[in-house]
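Given next are the chains, with one letter for each unit.
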Amino acid sequence: QVQLVESGGGLVQPGGSLRLSCTASGRFFRVNAMGWYRQVSGNARELVATITSGGTTNYEDSVKGRFSVSRDNAKNTVHLQMNSLKPEDTSVYYCNALISIAVGRMTDDYWGQGTQVTVSS
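**Student:** Would you mind going over the sheet that holds strand β8 (residues 77–82) with me for this structure?
**Tutor:** Strands belonging to one sheet form pairs held by backbone hydrogen bonds; the direction of such a pair is parallel or antiparallel. Strand order across the open sheet formed by four strands is β1-β3-β8-β7, with antiparallel pairing between neighbours. The outermost strands of the open sheet, each flanked by one partner alone, are β1 (3–7) and β7 (67–72). Ignoring strand direction, the axes of neighbouring strands in this sheet form an average angle of 15°. Relative to β8, strand β3 (residues 18–25) is paired through six bridges, and the arrangement is antiparallel. Along β8, the bridge assignment pairs Thr23 with Thr77.

Pasting the structure below:
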């Protein structure tokens, strides 16, 4: 069974920094794209940042220049470095990964349990 385990959320003052990490564990063949989403109104989630296995990144406009996504393919881990945090960044952040559990199998969507990020003075 595949699991995504997140860490690194918490409370920080405006202008501060946090680093989120997420590791995929279990039995699988390959981890493709990994990334981070955050909860918006209701149960909807918006893309924050993604990174392919080759290192190509994509960011939501409001976090460009402040957030940086990276990954360690050998450890099946993705990180989100969040700098210059603003109150509007407050949300539950979810790790996402597209994982193929066996050779020849298409990728499936996996999600972490979510980690709370609160930006407040």
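**Student:** It is not clear to me how the state of the cysteines should be interpreted in this structure. Could you clarify?
**Tutor:** The bond known as a disulfide is covalent and runs between the sulfur atoms of two cysteines. In this structure the tally under the stated criterion is one disulfide. For Cys22, the disulfide goes to Cys95, at an S-S distance of 2.1 Å. Its S-S torsion of approximately -80° makes the covalent link between Cys22 and Cys95 left-handed. With Cys22 in strand β3 and Cys95 in strand β9 (residues 91–100), the pair connects residues that are 73 residues apart, well separated along the chain. Summarising the burial analysis for this pair, Cys22 and Cys95 share the class buried.

Rules of the game
- Residues numbered from 1 in each chain as written.
- Predicted model: local features only at pLDDT ≥ 70, side-chain atom pairs only at ≥ 80, totals over all residues.
- Heavy atoms only, no water.
- Pairing = 2+ DSSP bridges.
- Helix = DSSP H or I, 4+ residues; strand = E, 2+ residues; numbered from the N terminus.
- Axes fitted to C-alpha atoms, helices over the stretch in contact; angles between N-to-C directions.
- Disulfide = S-S within 2.5 Å.
- Buried < 20%, exposed > 50% of the residue type's maximum accessible area, 1.4 Å probe, protein only.

By themselves, these observations are geometric and do not establish any function.
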